[in-house]
Amino acid sequence: MDFKTQINTADVPNHIAIIMDGNGRWAKSHSKPRIFGHKKGVLSVRSVVEGAGEVGVKYLTLYAFSTENWNRPKVEVAALMQLLVVTISKEVASLNKNNVRLLTIGDLKSLPGNCERELEKAKEKTKNNTGLNLVLALSYSSKSEIVRTVKSIATKVSEKKIDVSDIDSDLISDYLDTAAMPNPELLVRTSGEYRLSNFLLWQIAYSELYFTNKFWPDFTKEDLFEAIVDYQKRERRFGLTSEQIKN
Ligand code: FPP
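Quantities reported herein were computed from a predicted structural model and do not represent experimental measurements.

Definitions and limits used
Residues numbered from 1 in each chain as written. Predicted model: local features only at pLDDT ≥ 70, side-chain atom pairs only at ≥ 80, totals over all residues. Heavy atoms only, no water. Near = heavy atom within 4 Å. Polar contact = N/O pair within 3.5 Å; in protein donor to acceptor, adjacent residues only side chain to side chain. Areas by Shrake-Rupley, 256 points an atom, 1.4 Å probe, with all protein chains shown as cover. Helix = DSSP H or I, 4+ residues; strand = E, 2+ residues; numbered from the N terminus. Nonpolar A, V, L, I, M, F, W, Y, C, P; charged D, E, K, R; others polar. Expected span 1.5 Å × (residues − 1). Buried < 20%, exposed > 50% of the residue type's maximum accessible area, 1.4 Å probe, protein only. Arc of directions from axis to C-beta. Contact = heavy atoms within 4.5 Å. Phe/Tyr/Trp six-rings, centres within 6.5 Å; stacked < 30°, edge-to-face > 60°. Pairing = 2+ DSSP bridges. Axes fitted to C-alpha atoms, helices over the stretch in contact; angles between N-to-C directions. Salt bridge = Lys/Arg side-chain N within 4 Å of Asp/Glu carboxyl O. Core = buried A, V, L, I, M, F, W, Y, C linked by side-chain atoms within 4.5 Å.

A.B. asks: Give me the lowdown on the site of the ligand, citing residues and values where you can.
C.D. replies: Around the ligand, a shell composed of 18 residues is seen, among which Asp21, Gly24, Arg25, Arg34 and Arg72 lie nearest. With respect to the ligand, the side chain of Asp21 contributes an N or O atom lying 3.0 Å from an oxygen atom. Here an oxygen atom of the ligand and a backbone polar atom of Asn23 are 3.1 Å apart. Taken by itself the ligand offers 620 Å² of open surface, and the protein chains cover 91% of this. Residue contributions to the shell around the ligand peak at 4 residues, all from helix α2 (residues 34-55). Residue composition of the shell around the ligand, by class: 7 nonpolar, 7 polar and 4 charged.

The structure is reproduced here in structure tokens:
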């Protein structure tokens, strides 16, 4: 099935967020170590970034490493960090060639020094690109993002730079890691799990959710196109009635 041709190009989500899940189970099903699944997962990242660019998505946010992932076995964490450094340094030329700007959300300072440096370098090198914004969520969890946000707003209040009466939903959004980004219209999770796992909880208040049984390493841009086609069949009501939306 060719899903790309079914996409209404006038209604492509501006922002798609993806919970890339199932690398470990994919590896197990191929009798391989978990890191083999993560390595294959990088090829899916490549395919999906390419696909998102092709259909004009402006922001693609990938949940690459959660705050909770620090509790995985040390060897797996180290291998994931190594994979990240190698992938970023290898792909930065291709990001530039494809006009992709790299951004990150999460607590970057908690990453190993070489990882943080590589990411900062890649962000700097791609900062003038005007096509797809590729946002990697690293050492990210929604609750820790909200805690950091509350602390910085509270600091401004104590410094009298913000008045308590100024605090509203827009101001809070402006202090989140995603400050300059639109909210995702579509959230995708792979591997047949139906959870949000502490990902972008504030930002997905009105997002459409799309779940697929495919493990992340089997997910390609064609699957992304299928998710977009599914999204375009839905009616987004934002709490209104169907009739109100149509008027
Ligand atoms: C989830 O599968 C995947 C991750 C926690 C890491 C995702 C990382 C990559 C795809 C590679 C690096 C990414 C970039 C952007 C270069 P899991 O390990 O939770 O799988 P399981 O649920 O089957 O155990």
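There is more to say after this.
A.B. asks: Any details on helix α4 (residues 113-125)? Residues and values, ideally.
C.D. replies: Taking 1.5 Å of rise per residue, 13 residues should cover 18 Å, and α4 covers 18 Å from first to last C-alpha, within 8% of that figure. Of all the residues in α4, the buried ones are Cys115, Glu118, Leu119, Ala122 and Lys123. Seen along its axis, α4 keeps its buried residues to an arc of 135°; they face one direction. Contact partners of the buried residues in α4: α3 (74-97), β3 (101-105) and β4 (133-140).

A.B. asks: Give a description of the packing of aromatic side chains that names residues and reports values.
C.D. replies: Centre-to-centre distance and the angle between the planes together describe a pair of aromatic rings. Counting across every chain of the model gives 8 aromatic pairs. When the ring of Trp26 is compared with that of Phe36, the centres are 5.9 Å apart and the planes differ by 15°; the resulting orientation is stacked. Of this pair, Trp26 sits in helix α1 (residues 23-29) while Phe36 sits in helix α2, and the two are 10 residues apart along the sequence. The exposure class assigned to Trp26 is buried, which follows from its relative accessible area of 6%. Of the residues examined, Phe36 reaches a relative accessible area of 35% and is grouped as partly exposed. Each ring, one from Tyr140 and one from Phe199, has its centre 6.0 Å from the other, and the planes form 90°; the classification is edge-to-face. Of this pair, Tyr140 sits in strand β4 while Phe199 sits in the loop between β5 (186-189) and β6 (208-211), and the two are 59 residues apart along the sequence.

A.B. asks: Outline the sheet that holds β5, listing residues and values.
C.D. replies: Taken in spatial order, the 6 strands of this open sheet run β3-β4-β2-β1-β5-β6, and their pairing is parallel. Each edge of the sheet is formed by a strand with only one pairing partner; in this case those strands are β3 and β6. For this sheet the average axis-to-axis angle between neighbouring strands, irrespective of direction, equals 20°. Looking at chain direction, strand β1 (residues 15-19) and β5 are connected through 4 bridges and run parallel. The residue of β5 that forms the bridge with Ala17 is Leu187. Contacts from α2 reach β1, β2 (59-66) and β4 within the one sheet, and its direction differs from that of β2 by about 160°. Lying on the sheet, α3 is in contact with β2, β3 and β4; it crosses β4 at an angle near 165°.

A.B. asks: Tell me about the pattern of salt bridges, and please be specific about residues and values.
C.D. replies: All chains considered together, the criterion is met by 20 salt bridges. Across the pair Arg46 and Glu91 runs a salt bridge whose closest N-O atoms are separated by 3.0 Å. Taken together, the positions of Arg46 in helix α2 and Glu91 in helix α3 put the pair 45 residues apart, joining distant regions of the chain. Glu76 is the partner of Arg72 in a salt bridge, and the nearest nitrogen-oxygen pair spans 2.8 Å.

A.B. asks: Can you lay out the nonpolar core for me, pointing to particular residues and giving the numbers?
C.D. replies: If you look at the biggest cluster of nonpolar residues, it comprises 44 residues, and the most contacted ones within it are Ile16, Ile18, Leu60, Leu119, Leu134 and Leu136. For this core, the secondary-structure elements that each account for two or more residues are β1, α2, β2, α3, α4, β4, β5 and α7 (221-232). In terms of residue count, α3 provides more of this core than any other element does, 8 residues in total. Dropping the residues within four chain positions of it, Ile18 is found in contact with Val48, Leu60, Thr61, Leu62, Tyr63, Val188, Phe199, Trp216 and Leu224. Among the nonpolar cores identified, the runner-up in size contains 14 residues, and Ala17, Ala137, Met181 and Leu200 belong to it.

A.B. asks: Account for α7, naming residues and giving values.
C.D. replies: Over its 12 residues, α7 runs 17 Å from end to end, which matches the ideal 16 Å to within 8%, given 1.5 Å per residue. Listing the buried residues of α7 in full gives Asp223, Leu224, Phe225, Ala227, Ile228, Val229, Tyr231 and Gln232. Those residues of α7 that are buried lie in contact with β1, α2, β5 and β6.

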